[in-house]
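Next come the chains, spelled out residue by residue.
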Amino acid sequence: MAEEMYWQQGDTRAYPALRGRRTADAVIIGGGLTGLTVALWLCRAGLRVILLEARTLGSGSSACCLGRVSLLGGTSLVRLEKRFGQEGASACVSARQNALYALREMSREDGASFGWHTLDDRVLGSGKALFQEAEAFRRAGVALETEKAFSSRFTGEDSLMLRDMAALHPLRYLHFLARQGETRGLKIFEHSRVVALETNLASTERGSVQAPYIVVATGYPIVNTPGWYFLRTVQRKGCLIPLNDASGLESMLSALDGRFAIRPLQRGALAQLSLSRVGEKSDCSAVELCRERLSPYLESLPSGPCYDGTEVYSADGLPYIGPYGRRTPNLFVAAAYSGQGILGSVTSAQIISARILGLRCEGDLLFSGQRKAAASHVEALKTCCSIGTRYLGGLFRTHAPRCPHLGCRMRFNPSSRLWECPCHGSQFDGIGHWRNGPAVHDATIRRR
């Protein structure tokens, strides 16, 4: 897989590393779409904000973002109805609509040249599953169109279509957020990995920031307690694969089960695949999976390259947005969007900024990390058992290095040439330097 991220090709924008001690009204940990969106919302409210990024802006989950902006995708609304009831599912759709409206308004601002294009969005699946999904959206107040054989290549395929959705260029959008924040006083520091969090204090290897409010927007939460999010969150591998030929593809296209999604570009198209969990063995490469999954739909299939990344999923399908725990009202988390990263980042900004400013916001309790849902606890137990199984399996790899997060034995991935933790998804390069995940320290790699 290619080490350079697809959206970062040719980008040279850089920010300094944090050195010394600073103070602010709020500190944001994580320089992806979520961190920058939350930072911008707080700056617009007049707060002094500092953002800390471990590597470079957009180098985490945002680098694997397809740029698809749609109410469809992510966790099935039928599944959310079963777990949170019709009221909860409708509230989730309403939050997505509010985020979509805010993004559309931002695209009309001066200097907002981040490639906003209005596109229709089609979702493929079996007839019964699609009908159930369409009915769930209808109950939430959104009308979807049902189509059959909308193209000669899709004869026999059923699809749902939602009109007037959009696509954007994630990196340009991310830089737009950074510029807008800087004009309002935002201070950005790259290569400033947070290695310790205390009450109102975030410390890096060369400096620290003291602030009454701290927001952890690292994709996978880096603080274990409170919240115990590492038992309720998993990381899955994803990849972006450019397609040279996309003739006849005039709208965005995805599978109902989330296996793939495609968006048209000015030249060709871009495919996104959802792969196995980080740390699990894979029997075939991402390019081979792309050929297998997309061969019924595209004439020209990719031969490479593949740009890999990770995506974070919650146990029950809804993101965790709000206070980290009941006793930490000034420490916030925004994580686990389950495939709805762009809209989720705006929802996080709306909810967290409202909490900090003492305002009410729709969806506050629905997305809270302390939400009460029986299904949520069942899924958390399943995730915990799965992690325990992988931890015990690692006991037999006595020579494998341990992850500095919670001590799990890691597995080497020859395709990415990274050491991966099968328990919580941390990744390290061949000499142990941190690359991704909840771990905040480098790993010790001893070569035999």
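Going by the structure above, here's the rest.
Described in the following lines is the structure provided in the data block. Note that the structure is a prediction, hence the values are computed from the model and not measured.

### Focus on the overall build of the protein
Here is step 1 of the chain: Across its full length, the protein holds 7 helices and 23 strands.
Here is step 2 of the chain: If you take every contact in the protein between residues at least 6 apart in sequence, the share linking residues at least 24 apart comes to 70%.
Here is step 3 of the chain: Summed over its atoms, the accessible surface of the protein is roughly 19400 Å², and 48% of this surface lies on carbon and sulfur atoms.

### A look at the side chain of Asp316
Here is step 1 of the chain: For Asp316, the location among the structural elements is in the loop between strand E17 (307–314) and strand E18 (320–323).
Here is step 2 of the chain: Engagement of the side chain of Asp316 in a polar contact is seen with the side chain of Arg371, the distance being 2.8 Å.

### Some points on the packing of aromatic side chains
Here is step 1 of the chain: All told, the structure shown has 6 aromatic pairs when counted by the stated rule.
Here is step 2 of the chain: For the ring pair Phe114 and Phe176, a centre distance of 5.3 Å and an interplane angle of 50° mean the geometry is tilted. A residue pair is termed long-range when its members are at least 10 positions apart, and Phe114 in the loop between helix H2 (77–106) and strand E5 (117–125) and Phe176 in helix H4 (residues 170–182) qualify at 62 residues.
Here is step 3 of the chain: Take Phe114: its relative accessible area is 0%, and that puts it in the buried class.
Here is step 4 of the chain: The exposure class of Phe176 is buried, given its relative accessible area of 1%.
Here is step 5 of the chain: Ring centres of Trp228 and Phe230 lie 5.8 Å apart, and the angle between their planes is 45°; this geometry places the pair in the tilted category.
Here is step 6 of the chain: The exposure class of Trp228 is partly exposed, given its relative accessible area of 49%.
Here is step 7 of the chain: Three or more aromatic residues joined by ring pairs make a cluster, and in this case those are Phe114, Tyr173 and Phe176.

### Quick notes on the sheet that holds strand E22 (residues 427–428)
Here is step 1 of the chain: With respect to topology, 4 strands assemble into an open sheet ordered E20-E21-E22-E23, the strand pairing being antiparallel. Each having just a single partner strand, strand E20 (411–413) and strand E23 (434–436) make up the two edges of the open sheet.
Here is step 2 of the chain: Pairing of E20 with strand E21 (residues 418–420), which is carried by 3 bridges, proceeds in the antiparallel orientation. Of the residues in E21, the one forming a bridge with Phe412 is Trp419.

Quick notes on the rules
Residues numbered from 1 in each chain as written. Predicted model: local features only at pLDDT ≥ 70, side-chain atom pairs only at ≥ 80, totals over all residues. Heavy atoms only, no water. Helix = DSSP H or I, 4+ residues; strand = E, 2+ residues; numbered from the N terminus. Contact = heavy atoms within 4.5 Å. Areas by Shrake-Rupley, 256 points an atom, 1.4 Å probe, with all protein chains shown as cover. Polar contact = N/O pair within 3.5 Å; in protein donor to acceptor, adjacent residues only side chain to side chain. Phe/Tyr/Trp six-rings, centres within 6.5 Å; stacked < 30°, edge-to-face > 60°. Buried < 20%, exposed > 50% of the residue type's maximum accessible area, 1.4 Å probe, protein only. Pairing = 2+ DSSP bridges.

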